[in-house]
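Report on the structure
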Amino acid sequence: MRQVDEISTQASQAVADCADLAGLDAVRVQFLGKQGELTAVLKGLGQLSAEERPLAGKAVNEAKRSLEGLDRKS
């Protein structure tokens, strides 16, 4: 899913650019928070076909785990 890849790349770059914990928390909220970009993609899964839904859900969950791992490494 290209949209998930783009968001993941943006989030990884934003984490790399963070200078402090406050900035890191802002990135977490922007991408993983209740109104975050990846959360919005998850909310839109219901509009996909039954064949696309599991693949898209897996891609989003993998991206979330990856970003959460970046958060812990910083």
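Residues numbered from 1 in each chain as written. Predicted model: local features only at pLDDT ≥ 70, side-chain atom pairs only at ≥ 80, totals over all residues. Heavy atoms only, no water.

Glancing now at the environment of Ser 8. Relative to the helices and strands, Ser 8 is located in helix α1 (residues 2-17). Considering only alpha carbons, one finds Ser 8 and Glu 62, 54 residues apart in sequence, at a separation of 9.7 Å. Beyond its immediate chain neighbours, meaning those up to four positions away, Ser 8 contacts Ala 63 and Leu 67. (Helix = DSSP H or I, 4+ residues; strand = E, 2+ residues; numbered from the N terminus. Contact = heavy atoms within 4.5 Å.)

Taken over all residues, the pLDDT of the protein chain has a mean of 90, while the share at 70 or more is 95%. Mean pLDDT values over the elements of the protein chain span from 86, in helix α4 (residues 52-73), up to 94, in helix α2 (residues 21-32). (pLDDT = per-residue confidence, 0-100.)

What follows covers the pattern of salt bridges. With the rule as written, the count across this model stands at two salt bridges. Between Glu 6 and Arg 2 there is a salt bridge whose closest N-O contact spans 4.0 Å. Of this pair, Glu 6 and Arg 2 both sit in helix α1, four residues apart, roughly one helical turn. Assessed through its relative accessible area of 66%, Arg 2 is described here as exposed. Between Arg 28 and Asp 25 there is a salt bridge, and its shortest N-O distance comes to 2.8 Å. Of this pair, Arg 28 and Asp 25 both sit in helix α2, three residues apart, which is roughly one turn of the helix. For Arg 28, a relative accessible area of 34% translates into the label partly exposed. (Salt bridge = Lys/Arg side-chain N within 4 Å of Asp/Glu carboxyl O. Buried < 20%, exposed > 50% of the residue type's maximum accessible area, 1.4 Å probe, protein only.)

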